[in-house]
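Fold and geometry: a report
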Amino acid sequence: MTLDEALSGADFVSVHVPLLREGESSTPTFHLFNEQTFRKMKSTAYLVNTSRGPVIDETALARALRERWIAGAALDVYEREPLPADSPLRDPSIEDRCRLLPHFASAARITRLSTDPDKGMAGRCVQGLIDVLEGNYGGDITKMPYVVNKEAFAK
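Residues numbered from 1 in each chain as written. Predicted model: local features only at pLDDT ≥ 70, side-chain atom pairs only at ≥ 80, totals over all residues. Heavy atoms only, no water.

The next thing to look at is helix H5 (residues 121–134). End to end, H5 covers 20 Å across 14 residues, agreeing with the expected 20 Å (1.5 Å per residue, within 8%). Listed as buried for H5 are Gly123, Gly128 and Asp131. Considered in projection along H5, the buried side chains sweep an arc of 135 degrees and stay on one side of the axis. Turned more than 90 degrees from where H5 packs its buried face, Cys125, Leu129 and Leu133 sit exposed. Looking one or two residues beyond H5, the residue adopting positive phi is Gly135, at roughly 65 degrees. (Helix = DSSP H or I, 4+ residues; strand = E, 2+ residues; numbered from the N terminus. Expected span 1.5 Å × (residues − 1). Buried < 20%, exposed > 50% of the residue type's maximum accessible area, 1.4 Å probe, protein only. Arc of directions from axis to C-beta.)

What follows deals with the pattern of salt bridges. The final tally for this structure, using the stated rule, is 7 salt bridges. Across the pair Asp11 and Lys42 runs a salt bridge, and its minimum N-O distance is 2.6 Å. Taken together, the residues span a long stretch of sequence, with Asp11 in the loop between helix H1 (3–9) and strand E1 (12–15) and Lys42 in the loop between helix H2 (35–40) and strand E2 (46–49) at a distance of 31 residues. The class of Asp11 is partly exposed, set by a relative accessible area of 42%. Look at Lys42 and you get partly exposed, because its relative accessible area is 26%. Between Asp96 and Arg97 there is a salt bridge, and its shortest N-O distance comes to 3.5 Å. (Salt bridge = Lys/Arg side-chain N within 4 Å of Asp/Glu carboxyl O.)

Pairing geometry for E2 and strand E3 (residues 72–75), over 4 bridges, is parallel. Bridge pairing in E3 links Leu47 to Ala73. The β-α-β motif built from E2, the intervening helix H3 (residues 58–66) and the parallel element E3 has right-handed crossover chirality. (Pairing = 2+ DSSP bridges. Right-handed = clockwise from strand over helix to strand, strands pointing away.)

Moving on: the sheet that holds strand E4 (residues 98–100). In spatial order, the strands read E1-E2-E3-E4; together these 4 strands make up an open sheet with parallel pairing. With one partner strand each, in any of the chains shown, E1 and E4 form the two edges of the open sheet. When the angles between neighbouring strand axes are averaged without regard to direction, this sheet yields 10 degrees. Summarising the sheet, E3 and E4 pair through 3 bridges and their orientation is parallel. Bridging from a neighbouring strand, Ala74 pairs with Arg99 of E4. (Axes fitted to C-alpha atoms, helices over the stretch in contact; angles between N-to-C directions.)

A few words on the layout of surface pockets. Taken as a whole, the largest pocket encloses approximately 1,000 Å³ of empty space. For the lining of the largest pocket, the elements supplying multiple residues, two or more each, are helix H4 (109–113) and H5. By residue number, the principal contributor to the lining of the largest pocket is H5, which donates 3 residues. Classifying every residue of the lining of the largest pocket by side-chain character gives 14 nonpolar, 9 polar and 12 charged. (1 Å grid on protein atoms, 1.4 Å probe; cavity = no way out; pocket = protein on both sides within 12 Å on 5 of 7 lines; lining within 4 Å. Points joined across faces, edges and corners; volume = space filled by probe spheres on them. Nonpolar A, V, L, I, M, F, W, Y, C, P; charged D, E, K, R; others polar.)

Mapped onto the secondary structure, Arg112 falls in helix H4. Here Arg112 falls in the partly exposed class, since its relative accessible area comes to 31%. In sequence terms Arg112 and Pro84 are 28 residues apart; their C-alpha atoms lie 24 Å from each other.

This part covers the environment of Ser114. The topology assignment puts Ser114 in the loop between H4 and H5. With 10 residues separating them along the chain, Ser114 and Arg124 place their C-alpha atoms 9.0 Å apart. Leaving out residues up to four positions away in the same chain, Ser114 has contacts with Arg109, Lys119, Gly120, Ala122 and Gly123. Here the side chain of Ser114 touches Asp116 through a polar contact of 3.1 Å, landing on its backbone nitrogen. (Contact = heavy atoms within 4.5 Å. Polar contact = N/O pair within 3.5 Å; in protein donor to acceptor, adjacent residues only side chain to side chain.)

Structure below.
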């Protein structure tokens with residue numbers, strides 16, 4: 001089934017993808033959910049994002065909710081964290097259909113504290129630091145799986 005087919009038939013869309021920008025993958029996920037994808041969803045569908053904030057175009061989501069292209073959304077991650085006070089997602093006209101959670105979906109002890117990078121954020125943080133300092137992956141930051149803000153190294 002294609003993404004378009006899944007979106008047009010789903011009652012709930014739960015997003016679980018890595019954040020991949022143009023040039024990082026043949027299938028980038030930055031703003032994967034945008035005006036075009038929201039228009040493909042059923043007007044009774046709900047979107048849940050606990051993956052990465054920039055996977056959702058927040059301006060497009062606010063419009064989709066205001067214009068009732070979709071029924072609702074719940075977000076645990078945002079393009080900018082903390083979510084700015086002037087974010088379109090804070091629009092009072094959509095607050096009954098847009099649940100904004102404080103990035104706690106991953107708050108389990110093992111997820112936050114495990115030193116194993118396959119299980120915990122602490123382990124991923126340390127492994128990312130080790131990769132940068134030791135020049136792993138041939139020193140190519142773009143290939144380091146636990147370095148998440150790769151654009152910071154381009155400056």
